[in-house]
Amino acid sequence: PAALRPLPHPRRRLSPEPRAQESFVIVSDPDIAKHILRDNSKAYSKGILAEILEFVMGTGLIPADGEVWRVRRRAIVPSLHQKFVTEMIGLFGKASGRLCEKLDKAAAEGEAVEMESLFSRLTLDVIGKAVFNYDFDSLSYDNGMVEAVYVTLREAEMRSTAPIPTWKIPIWKDVSPRQRKVNEALVLINNILDELISTCKRMVDEEDLQFHEEYMNEEDPSILRFLLASGEDVSSKQLRDDLMTMLIAGHETSAAVLTWTFYLLSKSTQE
């Protein structure tokens, strides 16, 4: 495919101006995706993706470009070593078992269920345990986290196509009901993230730490614990951006894949 040119960085203005017309290319062919993401990644910029996700993910792994992405990938990938992945297989099984129990009950009672919502809760529970060793238990009760995530993602989607960036107007965030809802969602997510980081840091400080390449605390087998034990700065904004990216994008994208997979399987069964 032709190289996608990076979008020029918008100049700072006192008031927003209409955006120039933008074009999007949606890639679905595996060979093209491989070319863009692996074989020739330096030729492509994340452009508007980085701009629209900055308000929630900063320079986390998804919006990050170039050297920032390479540095952060090298920092996080070691946490996904074989010992940790093996431990996670059991976690996935337990979480899936809880979902199956919920589905069996609904089937027995003839109750319709919304699979996208259930998959979102399932993957949030998995991400919570795998990344933070925290049980959101969102399959059992609504803690507001799933809705907060979707509020921020819907805002990002809206910003990607809005002809006028009204969210850049200073007073707009205070008078717009939508922007107030987005800000409340971000406060909820950030408060939970602060608590999870603080709790994990306290546990690492109390541990008789012997860090090695396959380090994993048996009682807290989480990516966050690995990163803090390896020397990551707990107050680093980059660490927060990466964790926010894994928390939000990690569970939402997995839920979307599961939803579409089961939809296609159901269509195939009907045929």
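The structure displayed is predicted, hence computed values, not measured ones. (Residues numbered from 1 in each chain as written. Predicted model: local features only at pLDDT ≥ 70, side-chain atom pairs only at ≥ 80, totals over all residues. Heavy atoms only, no water.)

Caption draft 1: Summary view of the packing of helix α6 (residues 145–161) against helix α8 (residues 177–206). Interaxial distance between α6 and α8 falls to 9 Å at its minimum, and their mutual angle equals 130°. With respect to α8, the axis of α6 lies oblique. Crossing geometry of α6 relative to α8 is assigned as left-handed. Of α8, the residues touching α6 (which contributes Met-145, Glu-147, Ala-148, Val-149, Val-151, Thr-152, Glu-155, Met-158 and Arg-159) are Arg-178, Gln-179, Lys-181, Val-182, Ala-185, Leu-186, Leu-188, Ile-189 and Ile-192. In the contact of α6 with α8, the residues fall into 11 nonpolar, 2 polar and 5 charged. (Axes fitted to C-alpha atoms, helices over the stretch in contact; angles between N-to-C directions. Helix = DSSP H or I, 4+ residues; strand = E, 2+ residues; numbered from the N terminus. Parallel < 35°, antiparallel > 145°, perpendicular 65-115°, else oblique. Left-handed = near helix turned anticlockwise from the far one by under 90°. Contact = heavy atoms within 4.5 Å. Nonpolar A, V, L, I, M, F, W, Y, C, P; charged D, E, K, R; others polar.)

Caption draft 2: Layout of α6. Over its 17 residues, α6 runs 25 Å from end to end, which matches the ideal 24 Å to within 8%, given 1.5 Å per residue. α6 sits mainly inside the fold: 12 of its 17 residues count as buried. What α6 keeps buried is the set Met-145, Val-146, Ala-148, Val-149, Tyr-150, Val-151, Thr-152, Leu-153, Glu-155, Ala-156, Arg-159 and Ser-160. (Expected span 1.5 Å × (residues − 1). Buried < 20%, exposed > 50% of the residue type's maximum accessible area, 1.4 Å probe, protein only.)

Caption draft 3: Inspection of the nonpolar core at higher detail. The biggest cluster of nonpolar side chains holds 49 residues, and the ones touching the most others in it are Phe-132, Ile-189, Leu-243, Leu-247 and Ile-248. Sort the elements by how many residues they give to this core and α8 lands first, with 10 residues. Residues contacting Ile-248, with those up to four places away along its chain left out, are Val-56, Met-57, Val-149, Thr-152, Leu-153 and Ile-189. Formed by 8 residues, the second largest nonpolar core is a distinct cluster that contains Ala-95, Leu-99, Val-126 and Leu-139. (Core = buried A, V, L, I, M, F, W, Y, C linked by side-chain atoms within 4.5 Å.)

Caption draft 4: Representation of the packing of aromatic side chains in the model. One pass over the full model with this rule turns up 6 aromatic pairs. Linked through ring pairs, Phe-211, Tyr-215 and Phe-226 together constitute an aromatic cluster. When the ring centre of Phe-55 is taken as origin, the NZ or CZ atom of Arg-159, which lies over that ring, is 4.1 Å away. (Phe/Tyr/Trp six-rings, centres within 6.5 Å; stacked < 30°, edge-to-face > 60°. Lys NZ or Arg CZ within 6 Å of the ring centre and 35° of its normal.)

Caption draft 5: Fine view of a nonpolar patch on the surface. Together, Val-25, Val-27 and Ile-32 make up a nonpolar patch on the protein surface, roughly 230 Å² of accessible area in all. Inspection of the secondary structure assignment puts Val-27 in the segment before α1 (30–39). Taking relative accessible area as the criterion, Val-27 reaches 35% and is therefore assigned partly exposed. (Patch = residues over 30% accessible without salt bridge, like charges linked within 9 Å, V, L, I, M, F, W, Y side chains within 5 Å. Areas by Shrake-Rupley, 256 points an atom, 1.4 Å probe, with all protein chains shown as cover. Salt bridge = Lys/Arg side-chain N within 4 Å of Asp/Glu carboxyl O.)

Caption draft 6: Fine view of the pattern of salt bridges. Across all of its chains, the model carries 16 salt bridges by this definition. Ionic pairing is found between Lys-168 and Glu-51, a salt bridge with its closest N-O pair at 4.0 Å. Taken together, the positions of Lys-168 in the loop between α6 and α7 (172–175) and Glu-51 in helix α2 (residues 48–57) put the pair 117 residues apart, joining distant regions of the chain. Judged by its relative accessible area of 40%, Lys-168 falls in the partly exposed class. Here Glu-51 falls in the partly exposed class, since its relative accessible area comes to 31%. For Glu-155, the salt bridge identified is with Arg-178, shortest N-O distance 2.8 Å. Residue Glu-155 is located in helix α6, and its partner Arg-178 is located in helix α8; the two are separated by 23 residues in the primary sequence.

Caption draft 7: Representation of the environment of Ser-96 in the model. Note on placement: Ser-96 falls in helix α4 (residues 82–108). For Ser-96 and Phe-119, which are 23 residues apart along the polypeptide, the C-alpha to C-alpha distance reads 9.6 Å. A distance of 2.9 Å separates a polar side-chain atom of Ser-96 from the backbone oxygen of Phe-92. (Polar contact = N/O pair within 3.5 Å; in protein donor to acceptor, adjacent residues only side chain to side chain.)

Caption draft 8: Quick peek at the packing of helix α5 (residues 115–132) against α6. Following both chains from N to C, one finds α5 and α6 inclined at 105°, their axes separated by 10 Å at the closest point. Between α5 and α6, the interaxial angle falls into the category roughly perpendicular. Across from Glu-116, Ser-120, Arg-121 and Leu-124 in α5, the residues of α6 making contact are Met-145, Val-146 and Tyr-150. Residue composition of the contact of α5 with α6, grouped by class: 4 nonpolar, 1 polar and 2 charged.

Caption draft 9: Main features of unusual backbone geometry. Of note, the phi angle at Asn-133 is positive, near 50°, even though the residue is not glycine. Checked against the element boundaries, Asn-133 lands in the loop between α5 and α6. In this model, Asp-137 sits at a positive phi of 50°, which is unusual for a non-glycine residue. When you line up the elements, Asp-137 lands in the loop between α5 and α6. We classify Asp-137 as partly exposed; its relative accessible area is 23%.

Caption draft 10: Spotlight on the environment of Glu-114. Inspection of the secondary structure puts Glu-114 in the loop between α4 and α5. On the basis of relative accessibility, which here comes to 54%, the residue Glu-114 falls in the exposed class. It is 13 Å that separates the C-alpha atoms of Glu-114 and Ala-256, two residues lying 142 residues apart in sequence.

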